[in-house]
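Summary of structural features
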Amino acid sequence: MDFFANLLPPGAADSRPSYRYQEIYEMIKQNIINGMLTEDNRLPSIRKLAEFLSLSATPVELAYQQLIAEGFIESRPRRGYYVTKLPEAYGKLGRPAVLPGEKTVPPASAAQAEPEKILGEIRYDFHLSKNDFTLFPFSIWKRLHHQLFGPEHRDLMFYGDAQGELGLRREIAGYLRQFRGVICDPGRIIVAAEQQMLVQYLALLFKNHTDGLAAEDPGYRLIPATFHALGYRIDPIALDDAGLRPDLLRQSSARLVSVSPSHQFPLGITMPVGRRLELLEWAKAVDGYILEDDYGGEFRYQGRPIPSLQGLVANNHVIYLGGFSQVLAPDFCIHYMVLPEHLVARYHDLRRNLMFEASASRIHQRVLEQFIQGGYFERHVRRMRNLYRKKNVLLTASIQKHFGGRAAILGDGAGLHLVLEIRSRLSEAELLRLAGEAGVRVASAAFFWHKKTETDQKRFMVGFGGIPAELIDEGIQRLHEAWSAYLIEPGGSEIQRANRI
């Protein structure tokens with residue numbers, strides 16, 4: 001236990017309660033990254049570490065839960081908490097790449113391959129979630145920030161409303177009602193710095209409601225991974241051309257389901273109204289809840305943006321998750337959720353019990369409030385939608401030009417990426433290595449399947465948000481040149497568009 005005396009800085013035990021768990025989390029995390037704590041090292045029990053640090057058990061438990069959610073430690077039944085094997089990329093932050101006596105092992109699959117091992121100098125960066133900031137209104141944001149960051153607003157440097165600044169919640173409510181069709185009011189909106197925090201709150205809220213979460217397969221892994229880290233069973237539910245299959249959902253005993261109906265991640269499926277109504281009927285029948293992740297809702301390039309599932313009909317069974325990372329910038333760290341009215345009081349009970357404070361910057365919240373209020377946000381969304389639409393068209397045209405019938409495109413109707421489907425006998429890891437050697441960054445989609453068996457059919461995430469428009473065609477040409485000799489000819493001549501699962 002003496003080792004853990006170094007895990008907290010002097011006086012940490014006397015610091016503000018809401019930050020104690022963050023300090024414990026950060027210090028343990030850094031010691032794992034730096035190699036001070038290694039694989040299979042056992043951590044003290046929550047009770048023992050809390051007693052040693054003269055704290056209540058709550059901040060230690062929250063720190064351990066966060067470390068589990070991020071994969072640094074694991075809970076082994078009836079044995080305790082243990083440090084997990086750290087990916088090599090983390091180790092490089094705090095120690096030499098290879099220690100004496102260590103051996104390097106090639107990655108077994110694309111999902112395990114590290115970017116620095118498969119990429120050379122990247123000129124054509126088709127990162128799946130980068131933004132384009134060339135049109136960001138820096139002068140307006142700077143002016144609004146300057147107006148708020150001064151001695152007359154010194155109170156903004158203290159704790160704010162743990163639910164989020166009321167003014168921002170009012171603006172978010174107005175925006176969601178008008179542009180996303182969400183039924184809400186400011187009192188039902190919860191603001192946090194990260195989506196993971198909001199999901200963790202939900203997992204804690206539903207502990208006594210169900211022990212399982214159903215999730216799209218393939219799908220965005222943050223939500224099921226967070227629930228699993230907090231003890232939930234995860235039921236992967238396969239998709240068809242309309243999205244998550246209700247018939248398979250009904251076979252699950254879970255009473256929570258996570259979906260992204262406006263633009264399914266990663267395949268880009270738009271869930272039709274009939275399927276949405278089936279999900280609502282399921283939720284009502286089992287007294288369950290739908291976690292609607294509105295990924296890519298603002299950026300739809302074919303037709304009007306799809307209204308939310310939450311606002312389709314009046315109901316008390318949908319929790320809407322949104323944020324400003326894609327539409328503005330990840331660095332602002334402002335995410336939100338809309339709770340059904342009857343869950344708000346339970347949220348506040350949880351907040352008081354855990355003593356957590358606001359996590360999103362009050363100043364950023366106030367700047368964003370004025371940014372929306374002044375009409376700048378709506379204008380910015382329109383400009384970015386037009387910019388990303390042009391890049392989307394360029395990318396799909398370039399794939400058609402260079403790959404022809406040897407590739408299919410999935411999910412190009414919205415969001416900041418599409419899925420490129422090819423057939424090759426090379427492994428995805430080998431194809432990624434060839435792309436990297438050609439100066440092109442793409443990513444395997446295999447990571448987003450619960451269990452993915454590699455076949456001749458390969459799928460790659462190709463982002464277009466951050467890459468300059470003038471590099472798109474040349475980048476796809478280089479990618480095709482790198483892969484051309486290894487592609488299996490399908491016999492077709494024209495590019496295929498598909499929502500095949």
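Structure: above.
I will try to describe carefully the structure that is included in this document. (Residues numbered from 1 in each chain as written. Predicted model: local features only at pLDDT ≥ 70, side-chain atom pairs only at ≥ 80, totals over all residues. Heavy atoms only, no water.)

**Here we look at the packing of aromatic side chains**
Applying the stated criterion across every chain yields a total of 22 aromatic pairs. Relative to Phe377, the ring of Phe324 lies with its centre 5.6 Å away and its plane at 70°, an arrangement referred to as edge-to-face. Placement of the pair is Phe324 in the loop between strand E11 (318-323) and strand E12 (335-338) and Phe377 in helix H14 (residues 376-403), with a sequence separation of 53 residues. Each member of the pair, Phe324 as well as Phe377, is classed as buried. Cluster of aromatic residues (ring-pair linked, three or more members): Phe136, Phe138, Trp141, Phe332, Phe371 and Tyr376. Of note, Arg76 hangs over the ring of Tyr82, and the distance from its end group to the ring centre comes to 4.2 Å. Over the face of the ring belonging to Phe447 we find Arg221, whose NZ or CZ atom lies 4.0 Å from the ring centre. (Phe/Tyr/Trp six-rings, centres within 6.5 Å; stacked < 30°, edge-to-face > 60°. Helix = DSSP H or I, 4+ residues; strand = E, 2+ residues; numbered from the N terminus. Buried < 20%, exposed > 50% of the residue type's maximum accessible area, 1.4 Å probe, protein only. Lys NZ or Arg CZ within 6 Å of the ring centre and 35° of its normal.)

**Remarks on the packing of helix H3 (residues 57-69) against helix H8 (residues 195-205)**
Following both chains from N to C, one finds H3 and H8 inclined at 115°, their axes separated by 12 Å at the closest point. Seen from above, H3 lies across H8 with right-handed handedness. For the pair H3 and H8, the contacting residues are Leu62, Gln65, Gln66 and Ala69 in the first and Gln196, Gln200 and Leu204 in the second. When the residues that make up the contact of H3 with H8 are grouped by side-chain class, the tally is three nonpolar, four polar and no charged. (Axes fitted to C-alpha atoms, helices over the stretch in contact; angles between N-to-C directions. Left-handed = near helix turned anticlockwise from the far one by under 90°. Contact = heavy atoms within 4.5 Å. Nonpolar A, V, L, I, M, F, W, Y, C, P; charged D, E, K, R; others polar.)

**Considerations on the pairing of strand E6 (residues 212-217)**
Here is the key point about a regular strand: its side chains alternate between the two faces of the sheet. Of all six residues in E6, six are buried, a share of seventy percent or more. Neither face of E6 is exposed, since Gly212, Ala214 and Glu216 on one face and Leu213, Ala215 and Asp217 on the opposite face are all buried. Note: E6 against strand E7 (residues 233-240), six bridges, orientation parallel. Opposite Ala215, over in E7, you have Pro236 as the bridge partner. Read as a crossover between parallel neighbours, the route from E6 over helix H9 (residues 222-229) to E7 is right-handed. Sheet topology note: the E6/strand E9 (residues 256-259) ladder contains two bridges and is parallel. Bridge pairing in E9 links Ala215 to Ser258. (Pairing = 2+ DSSP bridges. Right-handed = clockwise from strand over helix to strand, strands pointing away.)

**Focus on empty space enclosed by the protein**
Where empty space is left can be seen by rolling a probe of water-molecule size over the atoms. Using the criterion set out here, one finds two cavities of 30 Å³ or more in the structure. The calculated volume of the largest cavity comes to roughly 80 Å³. At the level of secondary structure, the elements contributing two or more residues to the lining of the largest cavity comprise E6 and E9. Class assignment of the residues belonging to the lining of the largest cavity gives a composition of four nonpolar, three polar and two charged. One number sums up the size of the second largest cavity: a volume of about 40 Å³. Every residue lining the second largest cavity is listed: Asn131, Asp132, Phe133, Phe136, Gln326, Val327, Leu328, His380, Met384 and Tyr388. Classifying every residue of the lining of the second largest cavity gives six nonpolar, three polar and one charged. (1 Å grid on protein atoms, 1.4 Å probe; cavity = no way out; pocket = protein on both sides within 12 Å on 5 of 7 lines; lining within 4 Å. Points joined across faces, edges and corners; volume = space filled by probe spheres on them.)

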